[in-house]
Amino acid sequence: MRKDSVTGMLLTGIGNVDHNQNSNFFVVDNKTTDAEISEKFTEFTNRKDVAIVLITQWIADKIREQVDDYTTTFPTILEIPSKDQPYDPNKDSVLKRVQRLFRD
Amino acid sequence: MSAIRENVFPTRMNLQNTKIRLRGAQTGHSLLKRKSEALSMRFVEIVRKIQDAKLKMGKVIQNASFSLAEVAYTAGDIGFQVRENSKTATFKLISRQENVSGVLLPVFEKSIEGGNAFELAGLSRGGKQVKNCKDMYISAMETLVELASLQTAFLLLDEIIKLTNRRVAAIEFIIIPRIENTISYISSELDEQDREEFYRLKKVQSKKKEAKDLAIESNNQTKENSEPFEPKNILAEQVDEDIIF
């Protein structure tokens, strides 16, 4: 789970840091490279103890291909709007599939 | 396509077996079709729910972000503090399974373990805002969890509906025609055998009749030509005594 407004999510108590200092959240800022994001994405989607991966939409846009190619059902990817960018439902990879289905 | 059939011997037993298989295939086809219809209904329902939930999520998260901004205004940036203080997750998910006509769909449920997380956040100032923000985010998380289970169900159902439809089509367009071809092959082959058998019988009869006619004719000829020949009767020569037990 990563976002610039990670704070709010962590307030609910979803944060988990194990004894190896591996956290289940990742803060992306302006200095984070796409490669790092992509690496973290792979790490989170392969973790057994993660059921939902929350990713803000503008970060998902950076690794859009990887998110679109992700077809495994577990864990689930959820794109959420971030604090400063409005939410665009047309970019969401699941909603895209929904729309594609209705077009057929 | 019509040439495709199973490789079986044309016997009555195989005909019977193939007929039973045809009936089985038809039952399976109708069952699978019904299953796919049920799943599709569920699927449409889920898709509608997803769209609603996505819009709702946008609103809820907006509110939550707003309340976070309130917190930042009163209590300053608590981000660092919160990140450093998160140790063990208290908000966890339990995944449960729901059965939709033979398909297991995961359903996520939240479970809050242990005490309230970040009880002491905002103790010095902005406590009310922090609490408000926390509540906001918890409700946002609930929406997200709901959305996540819908989304998982969506992906799974999509996959399974495709699979079921493929199986329905396979049975309808490949398996049933093949079995029907096999049945018609076996019955035509059996008819052919019957005809052959009948012809052979006829032939044998006519041959026998011919032989008989010939024998009678030659017999007549010999009767005319020579004295009737009497075979020696060996039973007439000696008389056995009756045996009494």
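What you are looking at is a predicted structure, and each value in this text was computed from that prediction instead of being measured.

### Remarks on the environment of B:Asn165
And step 1. Looking at the element boundaries, B:Asn165 is found in helix α3 (residues 127-225).
And step 2. Each C-alpha atom, one on B:Asn165 and one on B:Leu32, is 8.1 Å from the other, the two residues being 133 residues apart in sequence.

### Some details on α3(B)
And step 1. For α3(B), which comprises 99 residues, the first-to-last C-alpha distance of 143 Å matches the rise-based estimate of 147 Å (1.5 Å per residue) to within 8%.
And step 2. Its axis deflected by about 35° at B:Ile171, α3(B) carries its strongest bend there.

### Here we look at the pairing of strand β1 (residues 52-56) of chain A
Residue and element names in this part refer to chain A.
And step 1. The buried count for β1 comes to five of five residues, which makes it a mostly enclosed element.
And step 2. The alternating pattern of β1 places Ile 52, Leu 54 and Thr 56 on one face and Val 53 and Ile 55 on the opposite face, and all of these are buried.
And step 3. Two elements, β1 and strand β2 (residues 76-80), share five bridges in a ladder whose sense is parallel. Considered in β2, the bridge of Thr 56 is made with Ile 80.

### So, the confidence of the model for chain B
All names here are of chain B.
And step 1. When the pLDDT values of chain B are averaged, the result is 80; 82% of them are 70 or greater.
And step 2. Confidence, expressed as mean pLDDT per element, reaches its minimum in chain B at helix α2 (residues 79-85) with 65 and its maximum at α3 with 87.
And step 3. Interface confidence for the predicted complex, expressed as ipTM, amounts to 0.74; the pTM equals 0.67.

### Topic: the packing of aromatic side chains
Residue and element names in this part refer to chain B.
And step 1. All chains considered together, the criterion is met by one aromatic pair over all chains.
And step 2. On the basis of an interplanar angle of 10° and a centroid distance of 5.3 Å, the ring pair of Phe 43 and Phe 154 is categorised as stacked. One end of the pair, Phe 43, is in helix α1 (residues 12-75); the other, Phe 154, is in helix α3, and 111 residues separate them in sequence.
And step 3. According to the relative accessible area criterion, Phe 43 is buried, its value standing at 11%.
And step 4. Since its relative accessible area comes to 0%, Phe 154 is described here as buried.

About the thresholds
- Residues numbered from 1 in each chain as written.
- Chains lettered and ligands numbered in written order.
- Predicted model: local features only at pLDDT ≥ 70, side-chain atom pairs only at ≥ 80, totals over all residues.
- Heavy atoms only, no water.
- Helix = DSSP H or I, 4+ residues; strand = E, 2+ residues; numbered from the N terminus.
- Expected span 1.5 Å × (residues − 1).
- Bend = angle between axes of the 7 residues up to and from the residue.
- Buried < 20%, exposed > 50% of the residue type's maximum accessible area, 1.4 Å probe, protein only.
- Pairing = 2+ DSSP bridges.
- pLDDT = per-residue confidence, 0-100.
- Phe/Tyr/Trp six-rings, centres within 6.5 Å; stacked < 30°, edge-to-face > 60°.

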